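# Close look at the chain arrangement
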Amino acid sequence: MAGGINQSGGDDDLQENSEINVTPFIDVMLVLLIIFMVAAPLSTVDVPVNLPRSNAAAAPRPQEPVYVTLQPDLTISVGNETIAREALAEVLRAATAEDPEARLYIRADQTVPYGALMELMNLLRSGGFTQVGLVGQDAATTGPAPAPAAEARP
């Protein structure tokens, strides 16, 4: 038998082959290379289009963003100025030039309770500001977040 196992118990034991046959892997890689070499130029072909000119004025760039910050002691700051909760709507109207559609960005310390953050958002909504965004730090640039402190339980 060609390629069969010798079961007669003779001295003809099969030797183990510890080398990987890389020929199929190379064949697959070459096929993939050819596919990508053919497909890449097709995906970058631009269709020439002669677009008409517009006489509309360019949209103005938005001014500096307005940041509303909620500190750990639950004080509110607009920009760098700490303000009272009652004056929040008036200060924001002045900061946004009376534009209720202006986008506001909320920054809150991670130790601030969720209820306090929701209260701030309700204050903004009652002041007429509905375009609100939340600001967070990028984990890739700041490293891993510190582990929360364990609370003592009785």
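Quick notes on the rules
- Residues numbered from 1 in each chain as written.
- Predicted model: local features only at pLDDT ≥ 70, side-chain atom pairs only at ≥ 80, totals over all residues.
- Heavy atoms only, no water.
- Helix = DSSP H or I, 4+ residues; strand = E, 2+ residues; numbered from the N terminus.
- Polar contact = N/O pair within 3.5 Å; in protein donor to acceptor, adjacent residues only side chain to side chain.
- Contact = heavy atoms within 4.5 Å.
- Phe/Tyr/Trp six-rings, centres within 6.5 Å; stacked < 30°, edge-to-face > 60°.
- Lys NZ or Arg CZ within 6 Å of the ring centre and 35° of its normal.
- Salt bridge = Lys/Arg side-chain N within 4 Å of Asp/Glu carboxyl O.
- Expected span 1.5 Å × (residues − 1).
- Buried < 20%, exposed > 50% of the residue type's maximum accessible area, 1.4 Å probe, protein only.
- Arc of directions from axis to C-beta.

Turning our eyes to something else, we now look at the side chain of Ser77. Its location among the elements puts Ser77 in strand β2 (residues 76-78). Reaching out from Ser77, the side chain makes a polar contact with the side chain of Thr82 at a distance of 3.4 Å. Non-local contacts of Ser77, meaning those with residues more than four positions away in its chain, are made with Tyr67, Val68, Thr69, Gln71 and Thr82.

A complete count under the given rule lists one aromatic pair for this structure. With a centroid separation of 5.7 Å and an interplanar angle of 40°, the aromatic rings of Tyr67 and Tyr105 are classed as tilted. On the criterion of sequence distance, the pair formed by Tyr67 in strand β1 (residues 66-70) and Tyr105 in strand β4 (residues 104-108) is long-range, its members being 38 residues apart. The lysine or arginine in question, Arg107, covers the ring of Tyr67, its NZ or CZ lying 4.7 Å from the ring centre.

Moving on, we get to the side chain of Thr69. The topology assignment puts Thr69 in strand β1. In terms of polar contacts, Thr69 uses its side chain to reach the side chain of Arg107, at 3.1 Å. Beyond its immediate stretch of four places on either side in the chain, Thr69 contacts Thr75, Ile76, Ser77 and Arg107.

Let us now look at the pattern of salt bridges. Counted by the stated rule, this structure contains one salt bridge. Residues Glu119 and Arg85 are paired through a salt bridge, measuring 3.7 Å at the closest nitrogen-oxygen approach. Of this pair, Glu119 sits in helix α3 (residues 114-126) while Arg85 sits in the loop between β3 (81-83) and α2 (88-95), placing them 34 residues apart in sequence.

Taking 1.5 Å per residue as the helical rise, α3 with its 13 residues ought to reach 18 Å, and the 18 Å between its terminal C-alpha atoms agrees with that figure. The complete set of buried residues in α3 reads Ala116, Leu117, Leu120 and Leu124. Each buried residue of α3 lies within a common arc of 105° when the element is viewed along its axis, so the set occupies one face. Facing away from the buried side of α3 by over 90 degrees, the exposed positions are Tyr114, Arg125 and Ser126. Those residues of α3 that are buried are in contact with β1, β2, α2, β4 and β5 (132-134). Remark: Gly128 follows α3 within two positions and exhibits a positive phi of approximately 100°.

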